[in-house]
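Take a look at the letters that make up each chain.
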Amino acid sequence: MDERLIKRLIATIKCGTCGQNYQEDHVEIVEHDDDVWFLNVFCSCCQVKSLVAAVIKREKDLEAVNDLTGAEVSRFQHIDAVNGNDMLDMRDFLRSFDGDFSGLFSNKES
Ligand SMILES: [Zn+2]
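All values reported here derive from a predicted model rather than from experimental measurement. (Residues numbered from 1 in each chain as written. Predicted model: local features only at pLDDT ≥ 70, side-chain atom pairs only at ≥ 80, totals over all residues. Heavy atoms only, no water.)

### With respect to the overall build of the protein chain
Part 1 of the argument: Scanning the protein chain from terminus to terminus reveals five helices and three strands.
Part 2 of the argument: In sequence order, the protein chain lays out its α and β elements as α-β-β-β-α-α-α-α.
Part 3 of the argument: Expressed as a percentage of contacts within the protein chain between residues at least 6 apart in sequence, the contacts between residues at least 24 apart total 30%.
Part 4 of the argument: Here the protein chain has roughly 8400 Å² of accessible surface; of this, 49% comes from carbon and sulfur atoms. (Helix = DSSP H or I, 4+ residues; strand = E, 2+ residues; numbered from the N terminus. Contact = heavy atoms within 4.5 Å. Areas by Shrake-Rupley, 256 points an atom, 1.4 Å probe, with all protein chains shown as cover.)

Structure, rendered in structure tokens:
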């Protein structure tokens, strides 16, 4: 997918800290693997940097978005939304993360 389009899409997201939209110029693509994109975003308003993970599917793949089993649908419907503790866990993870996304993805078969 076109990187410019991805940046434009991410620029529609609001900063979690101050609520301002990100700007395309402050979106940096870190890595992507098929539909999964990792992006560094920088909020010019409050100067906060964040790592965004996004699953972005092309229109012809939309069918797959709904390709969940009944059990999966009910599982995802009833899990809690991301909360402050999740963010703290992610912060701890990122502190020790060495940036090896390839290794991260190749070891997640469990
Ligand atoms: Zn901000």
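Past the structure itself, the notes keep going.
### Remarks on the packing of aromatic side chains
Part 1 of the argument: Using the criterion set out here, one finds four aromatic pairs in the structure.
Part 2 of the argument: Taking 4.6 Å as the distance between ring centres and 40 degrees as the angle between the ring planes, the aromatic pair formed by F38 and F101 counts as tilted. Of the two residues, F38 is situated in strand β2 (residues 36–42) and F101 in helix α5 (residues 101–106); the sequence distance between them amounts to 63 residues. With respect to burial, F38 and F101 carry one shared label: buried.
Part 3 of the argument: On the basis of an interplanar angle of 25 degrees and a centroid distance of 5.1 Å, the ring pair of F93 and F97 is categorised as stacked.
Part 4 of the argument: A residue is classified by how much of its surface remains accessible, and F93, at 33% relative accessible area, is partly exposed. (Phe/Tyr/Trp six-rings, centres within 6.5 Å; stacked < 30°, edge-to-face > 60°. Buried < 20%, exposed > 50% of the residue type's maximum accessible area, 1.4 Å probe, protein only.)

### Brief notes about the nonpolar core
Part 1 of the argument: Residues I6, I10, W37, L39, V41, V52 and A54 are the most contacted members of the largest nonpolar core, which totals 13 residues.
Part 2 of the argument: Within the residue set of this core, elements represented by two or more residues are α1 (3–10), β1 (27–33), β2 and β3 (49–55).
Part 3 of the argument: The element contributing the most residues to this core is β2, with three residues.
Part 4 of the argument: What I10 contacts, discounting residues up to four positions off in sequence, is Y22, V27, L39, V41, V52 and A54. (Core = buried A, V, L, I, M, F, W, Y, C linked by side-chain atoms within 4.5 Å.)

### Some remarks on a nonpolar patch on the surface
Part 1 of the argument: Taken together, the side chains of V30, L51, M90, F93, L94 and L104 make up a nonpolar region of the molecular surface, amounting to roughly 430 Å² of accessible area.
Part 2 of the argument: It is helix α4 (residues 84–96) that provides the largest number of residues to the nonpolar patch, a total of three residues.
Part 3 of the argument: Mapped onto the elements of the fold, V30 is located in strand β1.
Part 4 of the argument: For V30, a relative accessible area of 35% puts it in the partly exposed group. (Patch = residues over 30% accessible without salt bridge, like charges linked within 9 Å, V, L, I, M, F, W, Y side chains within 5 Å. Salt bridge = Lys/Arg side-chain N within 4 Å of Asp/Glu carboxyl O.)

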